[in-house]
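# Understanding the architecture of this molecule
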Amino acid sequence: MHIVVVGLNYRTAPVEVREQFAFAEKDLPAALHQLMQTKSVLEGVVVATCNRTEIYVVVDRLHMCGYFIRSYMEQWFGVKSDVFAQHMYIYEDEQAIAHLFRVTCGLDSMVIGETQILGQVRSAFLTAQTEGVTGTWFNRLFKQAVTLGKRAHSETSIGESAVSVSYAAVELGKRIFGMFTGKRVLILGAGKMSELTVKHLYSSGAAEVIVANRTLARAIELAGKFSGRPSTIEQALQHLDEVDIVISSTGADGYVLTAGQVAEGMKSRPSRPLFMIDIAVPRDIDPEAAGVPDVFLYDIDDLEGIVETNLEMRRIEAAKIEVMIEEALEDFQLWLKTLGVRPVIRALQDKSNGIYEDTMDSLFNKLPELDEHQRKVIRRLTKSIVNQMMHDPINVIKELSGGKQGTEALEYFTQIFALQEQLGSGPDGESPAPSERKEAERSSGGDFTLPKSVFAPAGLLGG
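Residues numbered from 1 in each chain as written. Predicted model: local features only at pLDDT ≥ 70, side-chain atom pairs only at ≥ 80, totals over all residues. Heavy atoms only, no water.

Turning our eyes to something else, we now look at the overall build of the protein. Within the protein, the secondary structure is distributed over 18 helices and 10 strands. Looking at the protein as a whole, 47% of its 463 residues are labelled buried. Pairs at least 24 residues apart make up 71% of the contacts formed inside the protein by residues separated by at least 6 positions. Accessible area for the protein stands at about 22,600 Å²; split by element, carbon and sulfur atoms hold 52% of it. (Helix = DSSP H or I, 4+ residues; strand = E, 2+ residues; numbered from the N terminus. Buried < 20%, exposed > 50% of the residue type's maximum accessible area, 1.4 Å probe, protein only. Contact = heavy atoms within 4.5 Å. Areas by Shrake-Rupley, 256 points an atom, 1.4 Å probe, with all protein chains shown as cover.)

Here the focus is the nonpolar core. Membership of the largest hydrophobic core comes to 68 residues, with the highest contact counts inside it found for Ile-3, Tyr-56, Ile-69, Met-73 and Phe-101. Here this core takes 10 residues from helix 13 (residues 300-339), the largest share from any one element. Those residues within four positions of Ile-69 in sequence are excluded, and the remaining contacts are Val-6, Leu-35, Val-41, Ile-55 and Val-57. In this structure, Ala-190, Ile-245, Ile-247 and Ile-306 belong to the second largest nonpolar core, which totals 25 residues. (Core = buried A, V, L, I, M, F, W, Y, C linked by side-chain atoms within 4.5 Å.)

Turning next to the sheet that holds strand 2 (residues 41-48). If you trace the four strands from one edge of the open sheet to the other, you get 2-3-1-4, paired in antiparallel fashion. Only two strands of the sheet have a single neighbouring strand rather than two, namely strand 2 and strand 4 (89-92). Across the sheet, the mean angle separating the axes of adjacent strands is 15 degrees when strand polarity is ignored. Where strand 1 (residues 2-9) lies against strand 4, four bridges are found, and the strand directions are antiparallel. The residue bridging Val-6 from the neighbouring strand is Ile-90, located in strand 4. Seen against the sheet, helix 6 (residues 116-130) touches strand 2 and strand 3 (52-59) and runs at an angle of roughly 145 degrees to strand 2. Packed onto the sheet, helix 7 (residues 136-155) meets strand 1, strand 2 and strand 3 and runs at close to 30 degrees relative to strand 2. (Pairing = 2+ DSSP bridges. Axes fitted to C-alpha atoms, helices over the stretch in contact; angles between N-to-C directions.)

Attention now moves to the packing of helix 6 against helix 7. Interhelical geometry of helix 6 versus helix 7 gives an angle of 160 degrees and a closest axis separation of 10 Å. By the criterion of interaxial angle, the relationship of helix 6 to helix 7 is roughly antiparallel. Crossing angle aside, the handedness with which helix 6 passes helix 7 is left-handed. Across from Leu-118, Val-121, Arg-122, Phe-125 and Gln-129 in helix 6, the residues of helix 7 making contact are Phe-138, Asn-139, Phe-142, Lys-143, Val-146, Gly-149 and Lys-150. When its residues are assigned to classes, the contact of helix 6 with helix 7 shows six nonpolar, three polar and three charged. (Parallel < 35°, antiparallel > 145°, perpendicular 65-115°, else oblique. Left-handed = near helix turned anticlockwise from the far one by under 90°. Nonpolar A, V, L, I, M, F, W, Y, C, P; charged D, E, K, R; others polar.)

Our focus in this paragraph is the environment of Ser-249. Within the fold, Ser-249 resides in the loop between strand 8 (245-248) and helix 12 (259-266). Those residues in contact with Ser-249, other than ones at most four positions away along the chain, are Leu-188, Gly-189, Met-193, Ser-194, Ile-279, Ala-280 and Asp-284.

On to the packing of aromatic side chains. Aromatic rings in a pair are described by how distant their centres are and how their planes are angled relative to each other. Under the criterion given, the structure shown has 12 aromatic pairs. Residues Phe-125 and Phe-142 carry aromatic rings whose centres are separated by 5.7 Å and whose planes lie at 5 degrees to one another, so their mutual orientation is stacked. Residue Phe-125 is located in helix 6, and its partner Phe-142 is located in helix 7; the two are separated by 17 residues in the primary sequence. The pair formed by Phe-125 and Phe-142 is uniform in burial state, with each residue classed as buried. One aromatic cluster is present, built from ring pairs that chain together Phe-21, Phe-23, Trp-76, Phe-77 and Phe-84. (Phe/Tyr/Trp six-rings, centres within 6.5 Å; stacked < 30°, edge-to-face > 60°.)

For the structure on display, the rule yields 16 salt bridges. In this structure, Arg-11 engages Asp-108 in a salt bridge whose closest nitrogen and oxygen atoms are separated by 2.6 Å. Placement of Arg-11 in the loop between strand 1 and helix 1 (15-18) and of Asp-108 in the loop between helix 5 (94-104) and helix 6 is noted, with a sequence separation of 97 residues between them. Assessed through its relative accessible area of 6%, Asp-108 is described here as buried. Taken together, the shared-partner salt bridges in this structure form one network comprising Arg-11, Arg-52, Glu-54 and Asp-108. (Salt bridge = Lys/Arg side-chain N within 4 Å of Asp/Glu carboxyl O.)

Judged by side-chain charge, Glu-94, Glu-326, Glu-330 and Asp-331 come together as a negatively charged surface patch. At three residues, helix 13 tops the list of elements feeding residues into the negative patch. For Glu-326, the location among the structural elements is in helix 13. (Patch = residues over 30% accessible without salt bridge, like charges linked within 9 Å, V, L, I, M, F, W, Y side chains within 5 Å. Lys, Arg positive; Asp, Glu negative; His and termini not counted. Charge placed at Lys NZ, Arg CZ, Asp CG, Glu CD.)

Time to look at helix 16 (residues 406-416). Of the positions making up helix 16, those classed as buried are Gly-406, Thr-407, Ala-409, Leu-410, Phe-413 and Thr-414. Buried residues of helix 16 fall within an arc of 160 degrees about the axis and therefore sit on the same side. Residues of helix 16 that are exposed and point more than 90 degrees away from the buried face comprise Tyr-412, Gln-415 and Ile-416. (Arc of directions from axis to C-beta.)

Turning our eyes to something else, we now look at the sheet that holds strand 9 (residues 274-278). The six strands are arranged 7-6-5-8-9-10 in an open sheet whose pairing can be described as parallel. Edge strands, defined here as strands with exactly one partner in the open sheet, are strand 7 (229-231) and strand 10 (295-299). Taken over all neighbouring pairs, the strand axes of this sheet differ in orientation by 15 degrees on average, direction set aside. Two strands pair when backbone bridges link them, and strand 5 (residues 184-188) and strand 8 are joined in this way by four bridges, in the parallel orientation. Its bridge partner lying in strand 8, Leu-188 is registered against Ser-248. Contacts between helix 9 (residues 192-203) and the sheet are confined to strand 5, strand 6 (208-212) and strand 8, with strand 5 contributing the most and set at about 170 degrees to the helix. Docked against the sheet, helix 10 (residues 216-225) engages strand 6 and strand 7, running at close to 170 degrees with respect to strand 7.

See below:
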């Protein structure tokens, strides 16, 4: 069996393409069950966000898998494959597993190191698990991916540095005030950048945010989202002495706040610093205001320098996470390789138990005079002999199954102990047909037959 991911994301497809492949949350259960009707699919998880749609599947064969998944997408979304085929990527086996790990850790995100995707992957897995469309492989893989994502963020500093201008503005303010607890903030402008800044300020403990805009209706709308206070810009500037922080992003042609207005406002607040961030282009605040005592003025170039520095810090932390991913990949590969040994060991135990019980029945039939205590002693001693004889072969095959020749070792082990019947192989030594394997895989949770190979060469799928 093989693990495959088929998807498109912000790198491979523009938003007008991505939006055609958005799974509505309420429709996801039905979409998952339809996915499970796709030929060769044994397990499935769908990860759908604003920046990506990815379909993860366990399949019993790679041949034509890409074609089958594209057909599923055509049917579900009602979009011809020639619209999206050129935007798709397909990874298999080792590449698919590594991709999931990178996605969950935030290394494949538009903002490297962001944590939201971790919760989205976890939610996608739990939905699939609740719908009963995951089994042994994905139950293990996705739990390991989520654990890895949590570890990546707890053991590195990848998510601690600001990588957006609005967030950097707030982080810069913390350098002066420590925290925003009890601080009053004046926001000049009510656009998207201002909204993000207000969000970061409130999450950092700001006591009150005044939203000032040329159009009062827009100020009221934005202030209402955060329990802030709306105002016109003209009214707000009359109360400059009341606030501790000014963040401006209006898009006006000239200065909204002059050096004279700043100096006048500072007269009523001696020795109280005023932190000002101008993230507008062209600038909203007269650069000469920086010369007013106790005024700390920064513009967007200062912030972009912080962002770039922090991005470099995140890249350094990302390198540490890549090492974690390599280790996690090796762990999962080892688990996959040893997965095939379970039914073989179980088959050996079943066969030995059958021989043991037949022998005991024959012995007790020939010695009817034995009482119950004598029978128990004989059973205990003979069972100990059987278990000791099984101990070393089982330990050896466990070790060999994790090696490079693990598949061959299992095949030899199966032949040496003549376990074909216990493993369910036909009289000619062939495994059951794919359709039979698919049904058995779903009902048994993943442990059905020994795969012919664990990993095929990674790359793009044909078909």
